[in-house]
Amino acid sequence: MILKKIYLVLLAFFLVFPLTAYSQVTMAGGKGLLRVFEAETVYPGHFYFNPFYNGYFIETAKKKSNEDHTMNLGFTLGLTNAFEIFAKLVPYQDDQTNIWGPIGDTQVGIKFHVPVKESTIQNGLLAFATFPTGINHNLPYEPFSIDANSWGLMWLTTFDFRKGTGTLPLKLSLNLGYRDMDWSDRYFSDKKDQLLAGLGVKFPIRSSILYTELTGEIFINNPAQVQFSQNLFRVTQGIRFLGPWHLVCDIAADLGLGGENSKN
């Protein structure tokens, strides 16, 4: 109950006192698209607050319609030209039972990037840790999680075709990483560990940004119980509107590509 009250207070505070945003940040915090991270960091000293609501309407194999609702709060702070830190809180996570579901897990991370001026290719490294602050774990239709501390590493590469000699207003980002679901067990061997992959592309259209993502969370040590097609894969199509006072509005739609047993 105490954790839930803390989340509600934080949510009320940021809704009453909104903070400005200067750039595009992901749903979990950190510069990027919706889930795909870019190699670059945000500007030093800039702070970003981004609330995201997710609503899914799912048709199961038995033709029954289910709904899933989640609230995410992302925070991003630029430390230097090479470092940014970020965090994600989940004040509400649908448990398919109660009107108001429990809170979710908490994730914190740091991104490292060495700027290469006028270079089309930018590289970065991202590390994150997830803490089991959620009341329930591995909820239906939510990404896979367990009641344990986890960690992950991701390599980030961004191709910015606006730099160098190029004039194409297009950015393409690649993410590849590994997530250990329980840092107390053996690394790279547990059946719950996942490979993280993402590909995203974005380009501006007047005062908006159109982007497309392909992301996946793949169990790499459990082929006997989880077939490849049952892993969580999604295609995301979104558009970001740049408003006054540095406010930004994101609207995106996910299309799940995994099997009926995937957590989608």
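Residues numbered from 1 in each chain as written. Predicted model: local features only at pLDDT ≥ 70, side-chain atom pairs only at ≥ 80, totals over all residues. Heavy atoms only, no water.

**Q** Sorry if this is basic, but what is going on with the side chain of Gln-194 here?
**A** Examined against the element boundaries, Gln-194 turns out to sit in strand 8 (residues 194-205). For Gln-194, a relative accessible area of 2% translates into the label buried. Excluding its chain neighbours within four sequence positions, the residues that come into contact with Gln-194 are Phe-144, Gly-177, Tyr-178, Arg-179, Met-181, Glu-217, Ile-218 and Phe-219. (Helix = DSSP H or I, 4+ residues; strand = E, 2+ residues; numbered from the N terminus. Buried < 20%, exposed > 50% of the residue type's maximum accessible area, 1.4 Å probe, protein only. Contact = heavy atoms within 4.5 Å.)

**Q** Honestly, the packing of aromatic side chains in this entry has me stumped. Any pointers?
**A** For any pair of aromatic rings, geometry is given as the distance between the ring centres together with the angle between the planes. For the structure on display, the rule yields 8 aromatic pairs. Seen from their ring centres, Phe-49 and Phe-75 are 5.5 Å apart, and the 35 degrees between their planes marks the pair as tilted. Here Phe-75 lies in strand 2 (residues 65-78) and Phe-49 lies in strand 1 (residues 47-59), a separation of 26 residues in the sequence. Take Phe-49 and Phe-75: they sit in the same class, and that class is buried. (Phe/Tyr/Trp six-rings, centres within 6.5 Å; stacked < 30°, edge-to-face > 60°.)

**Q** Where do I start with empty space enclosed by the protein in this structure?
**A** Once rolled over the atoms, a probe with the size of a water molecule shows which space is left empty. Under the defined criterion, the tally for this structure stands at 2 cavities of 30 Å³ or more. Computed from the structure, the largest cavity encloses a volume of approximately 890 Å³. Every residue lining the largest cavity is counted, 47 residues in all, and those nearest its centre are Lys-88, Gln-107, Pro-143, Arg-179 and Glu-217. At 4 residues, strand 8 tops the list of elements feeding residues into the lining of the largest cavity. Counted by class, the lining of the largest cavity contains 17 nonpolar, 20 polar and 10 charged residues. Empty space within the second largest cavity amounts to approximately 40 Å³. Taken together, Asp-105, Thr-130, Ser-145, Ile-146, Ala-148, Ser-150, Arg-179 and Met-181 make up the full set of residues lining the second largest cavity. (1 Å grid on protein atoms, 1.4 Å probe; cavity = no way out; pocket = protein on both sides within 12 Å on 5 of 7 lines; lining within 4 Å. Points joined across faces, edges and corners; volume = space filled by probe spheres on them. Nonpolar A, V, L, I, M, F, W, Y, C, P; charged D, E, K, R; others polar.)

**Q** How do you make sense of the environment of Phe-233 when you look at a structure like this?
**A** Locating Phe-233 in the fold gives a position in strand 10 (residues 232-242). You can call Phe-233 buried: its relative accessible area is 16%. Considering only alpha carbons, one finds Phe-233 and Asp-254, 21 residues apart in sequence, at a separation of 9.8 Å.

**Q** Help me understand a nonpolar patch on the surface in this model?
**A** Taken together, the side chains of Leu-79, Phe-83, Ile-85, Ile-110, Phe-112, Val-114, Leu-125, Leu-153 and Trp-155 define a hydrophobic patch exposed on the protein surface, amounting to about 750 Å² of accessible area. Breaking the nonpolar patch down by element, the ones donating at least two residues are strand 3 (83-93), strand 4 (106-113) and strand 6 (150-160). Along the chain, the position of Ile-85 falls in strand 3. Overall, Ile-85 belongs to the partly exposed group, its relative accessible area being 33%. (Patch = residues over 30% accessible without salt bridge, like charges linked within 9 Å, V, L, I, M, F, W, Y side chains within 5 Å. Areas by Shrake-Rupley, 256 points an atom, 1.4 Å probe, with all protein chains shown as cover. Salt bridge = Lys/Arg side-chain N within 4 Å of Asp/Glu carboxyl O.)

**Q** Could you clarify how one ought to interpret the nonpolar core in this entry?
**A** Generally speaking, soluble globular proteins have nonpolar side chains that are buried together. Core analysis: the biggest nonpolar cluster contains 8 residues, these being Phe-37, Ala-39, Phe-86, Leu-126, Phe-128, Met-154, Leu-156 and Leu-196. Contributions of two or more residues to this core are made by strand 5 (121-131) and strand 6. When neighbours within four sequence positions are excluded, Phe-37 is seen to be in contact with Thr-26, Gly-29, Gly-30, Lys-31, Gly-32, Phe-86, Leu-126, Met-154, Leu-156, Ser-173 and Asn-175. (Core = buried A, V, L, I, M, F, W, Y, C linked by side-chain atoms within 4.5 Å.)

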